[in-house]
Amino acid sequence: MVREIGGPRVAVHALVGPGADAHLFQPRPSDAATLRGTALLVRNGLGFEPWLDRLLRATGYRGPAVVTTTEGIRPRSLDGGARREHDHGGAPAAGARRPAAGPAPRGAGGVPDPHAWQDLRLGQHYVAAIAAGLAGADPAGAEAYRRSAAAYSARLAALDGWVRRQIATVPPERRKVITSHDAFGYFGDAYGVRFLAPQGVSTEAEPSAAQVAALIRQIRAEGITAVFVETIGNPAMLRRLAQEAGVRLRGRLYADTLSPPDGPAPSYEAMFRHNLGLLVPAMRGEPG
Ligand code: ZN
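So, a few notes on the structure that sits alongside this text. (Residues numbered from 1 in each chain as written. Predicted model: local features only at pLDDT ≥ 70, side-chain atom pairs only at ≥ 80, totals over all residues. Heavy atoms only, no water.)

**Notes on the layout of surface pockets**
One simple way to see leftover space: roll a probe sized like a water molecule over the atoms.
Right, on to step 1. Taken as a whole, the largest pocket spans an internal volume of roughly 1,500 Å³.
Right, on to step 2. Contributing to the lining of the largest pocket are 50 residues, with Met 1, Val 2, Val 12, Ala 14 and Val 42 lying nearest its centre.
Right, on to step 3. Secondary structure elements with two or more residues in the lining of the largest pocket: helix 1 (2-6), helix 2 (29-36), strand 1 (40-43), helix 4 (120-137), helix 5 (142-168) and helix 9 (268-284).
Right, on to step 4. Partitioned by chemical class, the residues of the lining of the largest pocket number 33 nonpolar, nine polar and eight charged. (1 Å grid on protein atoms, 1.4 Å probe; cavity = no way out; pocket = protein on both sides within 12 Å on 5 of 7 lines; lining within 4 Å. Points joined across faces, edges and corners; volume = space filled by probe spheres on them. Helix = DSSP H or I, 4+ residues; strand = E, 2+ residues; numbered from the N terminus. Nonpolar A, V, L, I, M, F, W, Y, C, P; charged D, E, K, R; others polar.)

Encoded structure:
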């Protein structure tokens with residue numbers, strides 16, 4: 001998003017690169033050095049980057065501004081009020097300790113769900129926040145940022161309409177998806193799709209045998225054909241679950257990360273087109 005809005009005036013450095021897990025990211029010393037020399041820091045917030053506050057304290061970051069793209073939105077809460085930390089169920093890198101959950105703002109009923117970009121209308125909120133932050137850090141470019149943000153926002157609004165038309169081709173009773181973790185809550189709320197995530201029901205632990213068995217019964221009883229792993233997190237449990245339920249895994253969804261430039265989801269917009277291209281035929285039960 002920052003690249004789209006900043007254009008040639010802005011050099012963007014991503015601390016968490018393609019394919020990496022922002023929840024479990026471990027900053028390197030070179031990241032602290034990068035941060036010291038940067039003019040503007042853009043973060044998602046809502047507890048998505050628990051390591052970032054520690055990194056900011058460690059570097060004594062004194063940039064002109066930190067833009068929190070979710071500031072001002074009304075966050076949804078993660079399902080299961082007992083959860084303390086959003087978790088992908090993935091093992092941390094060898095020798096690394098799982099970072100403790102940072103202080104996260106409270107949602108209406110518990111831990112806020114950070115994955116707000118999965119609703120394209122909220123994506124437009126991100127665009128406005130980023131454009132304002134760039135204009136503050138570089139007033140000479142304010143007009144350029146305003147123009148590119150307006151054009152980008154219009155594209156996202158059009159993409160939002162396309163997503164709705166795509167979902168409308170799926171019979172309402174078939175709008176159900178199993179994914180490996182609960183990153184699609186905002187998507188589900190915005191577009192009327194029910195996402196069931198076995199790793200969403202527990203934090204550190206694997207789901208219990210009873211929980212997995214209940215999900216398998218539900219897959220069979222409701223004829224759910226859309227079962228996906230994601231590009232981050234641990235797919236092993238989902239593979240077992242799909243096998244036991246007798247359904248085929250339908251590919252990898254991009255939720256928390258983009259692909260490298262030569263992959264199928266190198267931008268925010270491409271991520272939606274890629275995911276919808278997998279989700280719609282899978283929900284319709286088409287061979288794919
Ligand atoms: Zn996530």
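**Brief notes about the nonpolar core**
Right, on to step 1. Judged by nonpolar contacts, the single largest core of 48 residues is most densely connected at Ile 5 and Phe 187.
Right, on to step 2. Only helix 1, helix 4, helix 5, helix 6 (185-191) and helix 9 provide two or more residues apiece to this core.
Right, on to step 3. A total of eight residues in this core trace back to one element, the largest contributor, which is helix 9.
Right, on to step 4. Those residues in contact with Ile 5 that lie beyond four places of it in its chain are Val 127, Ile 130, Ala 131, Leu 134, Tyr 145, Ser 148, Ala 149 and Tyr 152.
Right, on to step 5. Membership of the second largest hydrophobic core comes to 15 residues, among which are Leu 196, Ile 216, Met 237 and Leu 238. (Core = buried A, V, L, I, M, F, W, Y, C linked by side-chain atoms within 4.5 Å. Buried < 20%, exposed > 50% of the residue type's maximum accessible area, 1.4 Å probe, protein only. Contact = heavy atoms within 4.5 Å.)

**Description of helix 4**
Right, on to step 1. Given a rise of 1.5 Å per residue, 18 residues ought to cover 26 Å, and the 26 Å separating the end C-alpha atoms of helix 4 matches this to within 8%.
Right, on to step 2. Of all the residues in helix 4, the buried ones are Leu 120, Leu 122, Gly 123, Tyr 126, Val 127, Ile 130, Ala 131, Gly 133 and Leu 134.
Right, on to step 3. On its buried face, helix 4 sits against helix 1, strand 1, strand 2 (65-68), helix 5, helix 6 and helix 9.
Right, on to step 4. With a side-chain oxygen positioned 2.9 Å from the backbone nitrogen of Arg 121, the residue opening helix 4 is Asp 119. (Expected span 1.5 Å × (residues − 1). Polar contact = N/O pair within 3.5 Å; in protein donor to acceptor, adjacent residues only side chain to side chain.)

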